Each structure stands twice: as C-alpha cells, then as structure tokens.
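# Architecture at a glance
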Amino acid sequence: MAKTRLGRNESINGWGFIAPALTLIGIFMIWPILWSLWMSFQTGRGMALSFGGLSNIKRLAADPIFLKALTNTLTYLAIQVPVMIMLALVFAVMLNSPKLKGRAFFRTAIFLPSVTALVAYSILFKSMFATDGLMNEVVLGLGLVDSPIPWLSDPFWAKVVIISAITWRWTGYNMIFYLAALQNVDRSIYEAAKIDGVPAYAQFFRITIPMLKPVILFTTIISTIGTLQLFDEVQNITQGGPSNATLTLSQYIYNLTFKFMPSFGYAATVSYVIVILVALLSLVQFYVARDRK
Amino acid sequence: MTVAGTPMRRTGARTATPRRPAPDRLKSIVTYTVLSIAAFVSIFPFFWMIVGTTNSSIDIQQGKASFGTYFWQNVTTLFDQVNILRVLFNSFYISIVGTLLTLLIASMAGYAFEIFRSKARERIFAVLLLMLSIPFAAFMVPLFMMMSGAGLINTYWAIILPTVANIFVIFYFRQATKAFPHELRDAAKIDGLKEWQIFLRVYMPVMQSTYAAATIIVFMLNWNNYLWPLIVLQTNDMKTMVLTISSLNSAYTPDFGVIMVATVITTLPTLIIFFVLQRLFVQGMLGSVK
C-alpha cells in the first residue's frame, strides 16, 4: 500500500539523517561516559587498573587537594555567576531603552570580549595583574591602596583576578540573551507602570526580572555548567597557585591524569563529582524558578 | 537628555507632565556613566594587547600602556621561536574541517528531528538535551585512552572527531527548522526529489542565514578550543595558535611582548569574522534562545 510505503520511507529518512550524529555521539560521548563511570570504581597507577569498589570515594573525602579544588570551584560559582547575571541584566535593560544614544556602540563594546579565546584573554589579564604592573599602578595612582597588591601570589586576590577575568569575558555574552528576550516584552507594561509612578528599580525587580525568568534560568544553568568546568583561565593565569588556592576541579582531573603519576580511576571519580554537582544545581535552579511562578 | 524635543506619547500627555522630571535626568546620567565604564572596561584589554605588541616584556610587566618601539623585535622573535605559519595552518585546518563536518552532520540531525517526528526520536532528543549538561571533564580520560588505542594521538582527527557531533548545534538547527516551510518540501517531493536532494537543494539554500550564524559559532568554538588539543596534540609542529600562546606563556621567563603579538594573531580571525558578520552573529545567538 502506498501509505505504508510512504511511512516506511519517512522512517528510513528519519533515522538515516540522524544516524551519523548518533553514531558519533555514541562513540565519542556515551561510550566514554559509561567507561568513565566504570573506571571510577577502579584503582591503580597508569594502565594497571583493578576493581577497587568504593575506595576512590573514601580517598576523595580524605584528599585535601580535592577538597580545596571543590571549595574553590564552588566559591567561583557562588560569587561569579550571580554578579555576572546581575550585571548582564542591568546592561541589557539600559541598552533596551529606545531613547539611548550610541546603543550599537555600547552593545558591540560590551559583547566584544566574547569573541576572544579563553587562553588569549587569560594571558592579557595575567600581564595586567603583574605585581609591579598596570593594575597596581592604577590602584596606587588612585590612592586606593598604600602598597602594591600581590594580585597573583595572594590566595584571596588571585581568586579575585580569576573571577574578574571570567566576568569580563562572559557578561556581554549573557547580555545578548537578555536583550533578545527584552525585545519580546510589551513596552506598554512599562508605560503603564510609569504612569502609576512605579520607580525604575521597582520596575526592574517587579516587571523585568519576572518576565525574563525563563531566560535567566537558561543563562544561569549554562553559566553554572561553564563555571563548574573552569579550566583555561586558571591554567593560564595562575596555574592553580598560589599553593592550590585557585585550583579547580577540572584542573585537578587534568593534573591527576596528565601531570602527576596517572591515576585514571581516581580522576574519573573526581569527574563524576562535577557531573553530580551540575545535576544537583540544575535541579535546584529549576525548582527555584518554578516555585516563584 | 534624550527625550528633550521628542513629542510626548499620547498616553503620557494625559497625565500632564509637560517637563521632564528630575529622576529621569538622573536616570540617564547613571545609565550613560555605567555603560561608558562597562564599555571602557570591555575594550581596554584589547587596547592593552595592541599596545603590548610594541613594548618589551619588562615594559609590559611594569604596566606601560603607551606605544613603544619593540614591535619588529617582538615579531621577529616570535617567528624565530615558533613556526607560526605551520601553527596557523593547524588552527585553520582543524577549525575549517571541523566546522564543515559539524554543520553537515548537525544540520542533518536537526532537520530530521524536526521534520520526521516520532516517539522514539523525541525520546532520543530528550536524552541528548540532558547530555548537554555532562561536562567534558567527565569523559576526557576514557576519550584520551580511546584515541591512543586507535593511534590517533597527535593527529588532526583526534581533535576534529569528538567535536563533530555537537548536541548544542543539533538543537540550534532543530529550533531553526521550525521556521522551514513544509510546503517547499512537499512541492519538491511532487517534483520527484529524493529526501537527500531536498536537503541539499531546497533546505540548505533556504536556511542560508542559519548556516551562516552557525558557521561563526562553531568556527569560534573550534578555533578557541584548548583543553582537548592540549591533551591530544603533543609535538610543536601539530600545535594550534591557542596552544602556542599558552606554552609561550608558561615558559620559565615568558616574553610578554612576543606573547602579545601571538595573542593578536590568535584573536584577529575571530574578531574579523565578528565584525564582518556582526548582525548574523547576534541573530545566531538570539536564535538559540527562542
């Protein structure tokens, strides 16, 4: 029958067109993800691995470098993502005003950092924050401090530099999403609020943020995933130092695998910590966003 | 300051506010100040990078933010230290081949997920979306072992193959395909075209701007890729631009002037692409959010 033949054709085409993608995803993602899960229960050095049960998990709990990497990563997340999302929102709202002059210039300027390679801008930041470098000249010149700040050799300031760097690179990127979403918001709502005498900050919190909730959720999850995987910047600005004060989980996995004596099983266990964190935080973010609706 | 001279909107006129209230003026002062600072902070590192190419390493470390006379010296040192043409070739080769394959494979999948909907494929798509949140770190170790088992370490294919089936790009093409007119496909079918012919001759030309935007995004992803190439590419003649600046930077005494030249060379292609195709790029970003 013609109809069933047509249906079969559609089915063949439907599978045929996605087959290359599925094959590649199967080989280069699903298979290694499962292998990694299996490896996380194995211990040993280099290629000589044997089943170790939960010994890797016990090792995690007693590993001070892991705990440090975990705390660092969560610190970046807790400070950087909210600051960046807030900045991006504020810039987007400002740029959305049709009366603003030079919108195209401001938008392009703020978006520009998003086209740089992570490694390239990391090195720029590293050079600007040298001990006798530009940033110290500025803060000394402005009289903000009396003596130069040891930006990259102090555990606190090194984190500040990393957080500033990521914020510089990604704020404009997130702003673009909000600008897009704001274009779909009906202007008359703001007109009405204005007539009712609602002040600007209240308009921002009561109208803009609730309206953009789905996009904010989307960008928050994307940024959370990105920050939990942080590698390029730290590797090129501080290499994880001073004494692991800026080390991230991804860097630790890299070090465990390719820098120290290879410890594949343990590295896989640490990598699953990131998977679990991403899953947990995404769930929390979904829950928070849904609750307030 | 912007509203002076513009006629009042009808809705506003009724509330009888003939003059601009003071809070509005304050608001625009705040707006312009904040945006100017943001623009300055965003652009300054680019300026720093360009100025840096003309200064010595010591000048840069001491925060010299004006043009110097070391440009040619930095350029020649870079060319002496690194086979820059070879490294640029590596970067372009990996990015171009990777981008072409990604676009082909991801657009085919995005097309099929949208046009041939079935329960099974919807489920697969949902699983793929979930997989978007699995970090690369979670599987880079086995991936490395697979590549070394297959003898692909230190080859272009080791970089290209794992990036080709990009779930985000598949998702992007599926979203864009929602706007593809089904009547075109039906007409092509009546004309006797096979599905792959419809895809090549009807879908691809119609979706040109989607392809253009995706090209920019995927090219930049490939060009800027760091962690995976760092693991898989081991000899200097195979390294990409990004790996090269990173290794210049991690040298025992990094020469920042030379690094700045390399950084400019690395940033230039993506910067040019961005400025030439700016509108498409922003559209492409926006397309992924709808």
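Residues numbered from 1 in each chain as written. Chains lettered and ligands numbered in written order. Predicted model: local features only at pLDDT ≥ 70, side-chain atom pairs only at ≥ 80, totals over all residues. Heavy atoms only, no water.

## A look at the overall build of chain B
Counting its regular elements, chain B contains 16 helices and zero strands. Residue burial in chain B is summarised as follows: out of 290 residues, 51% are buried. Intrachain contacts of chain B at a sequence separation of at least 6 include 71% that bridge at least 24 residues. Of the roughly 13,700 Å² that chain B leaves accessible, carbon and sulfur atoms contribute 66%. (Helix = DSSP H or I, 4+ residues; strand = E, 2+ residues; numbered from the N terminus. Buried < 20%, exposed > 50% of the residue type's maximum accessible area, 1.4 Å probe, protein only. Contact = heavy atoms within 4.5 Å. Areas by Shrake-Rupley, 256 points an atom, 1.4 Å probe, with all protein chains shown as cover.)

## Re the interface of chain B and chain A
Facing 95 residues of chain B, the contacting portion of chain A comprises 87 residues. Counting the contacts that link chain B with chain A gives zero salt bridges. Where chain B packs against chain A, one counts eleven residue pairs in polar contact (both at pLDDT 80 or more). The dominant element in the side of chain B that touches chain A, judged by the number of residues it contributes, is helix α2 (residues 22-52) of chain B, at 18 residues. Tallied by class, the residues present in the side of chain B that touches chain A amount to 68 nonpolar, 20 polar and seven charged. (Salt bridge = Lys/Arg side-chain N within 4 Å of Asp/Glu carboxyl O. Polar contact = N/O pair within 3.5 Å; in protein donor to acceptor, adjacent residues only side chain to side chain. Nonpolar A, V, L, I, M, F, W, Y, C, P; charged D, E, K, R; others polar.)

## Digging into the packing of helix α5 (residues 84-115) of chain B against helix α9 (residues 167-177) of chain B
Residues and elements named next belong to chain B. In contact at an axis separation of 7 Å, α5 and α9 are set at 50° when each is read in the N-to-C sense. Regarding the angle of α5 to α9, the classification is oblique. α9 is crossed by α5, and the crossing has right-handed handedness. Within the contact between the two elements, α5 uses Thr 102, Leu 103, Ala 106, Ser 107, Ala 109, Gly 110, Tyr 111, Phe 113, Glu 114 and Ile 115 and α9 uses Val 169, Ile 170, Phe 173, Arg 174 and Thr 177. Here the contact of α5 with α9 is composed, by residue class, of nine nonpolar, four polar and two charged. (Axes fitted to C-alpha atoms, helices over the stretch in contact; angles between N-to-C directions. Parallel < 35°, antiparallel > 145°, perpendicular 65-115°, else oblique. Left-handed = near helix turned anticlockwise from the far one by under 90°.)

## Observations concerning the pattern of salt bridges
All names here are of chain B. Counted under the stated rule, the structure contains five salt bridges over all chains. Between Arg 117 and Glu 114 there is a salt bridge; the shortest N-O distance is 2.5 Å. Looking at Glu 114, the relative accessible area reads 6%, which means it is buried. A single network of salt bridges, built from pairs that share partners, joins Glu 114, Arg 117, Glu 122, Arg 174 and Lys 178.

## A few points about the side chain of A:Ser40
Here A:Ser40 lies in the loop between α1 (2-39) and β1 (42-45). With residues up to four places along the chain from it excluded, the contact list for A:Ser40 reads A:Asn56, A:Gly265, A:Ala268 and A:Thr269.

## Description of the UniProt feature "domain: ABC transmembrane type-1" (unreviewed entry) in chain B
According to UniProt, the feature "domain: ABC transmembrane type-1" (unreviewed entry) maps to residues 88-277 of chain B in the numbering used here. Here residues 88-277 of chain B is 76% helix and 0% strand, with 22 Å between the C-alpha atoms at its ends. (UniProt positions renumbered as here; feature names shortened; annotations may be inferred.)

## Quick word on the side chain of B:Asn90
All names here are of chain B. Structurally, the position occupied by Asn 90 is in helix α5. By relative accessible area, which is 0% here, Asn 90 ends up buried. Look past the residues within four positions of Asn 90 in its chain and what remains in contact with it is Tyr 156, Asp 237, Met 238 and Lys 239.

## Let's talk about the confidence of the model for chain B
Residues and elements named next belong to chain B. Residues at a pLDDT of 70 or more form 89% of chain B, whose mean pLDDT is 86. Here residues 1-17 scores under 50 on pLDDT; set against residues more than four positions off or in separate chains, the count is 15 contacts. Across the whole predicted complex the pTM is 0.87, and at the interface the ipTM reaches 0.87. (pLDDT = per-residue confidence, 0-100.)

## Considering the domain arrangement of chain B
All names here are of chain B. Domain parsing of chain B yields domain 1 (24-75) and domain 2 (82-289). Just the C-alpha atoms count here: the centres of domain 1 and domain 2 sit 31 Å apart. Taken together, the contact between domain 1 and domain 2 spans eleven residues of the former and eleven residues of the latter. Together, the buried faces of domain 1 and domain 2 total about 880 Å²; carbon and sulfur atoms form 81% of this surface. Considering only the surface of domain 1 that becomes buried against domain 2, Met 49, Ser 57 and Asn 74 emerge as the three largest contributors, covering 50% of it. Our count for the domain 1 to domain 2 interface comes out at zero salt bridges. Along the contact surface separating domain 1 from domain 2 lie two residue pairs in polar contact (both at pLDDT 80 or more). (Domains from an automatic or database assignment. Buried area = accessible area lost by both parts, 1.4 Å probe.)

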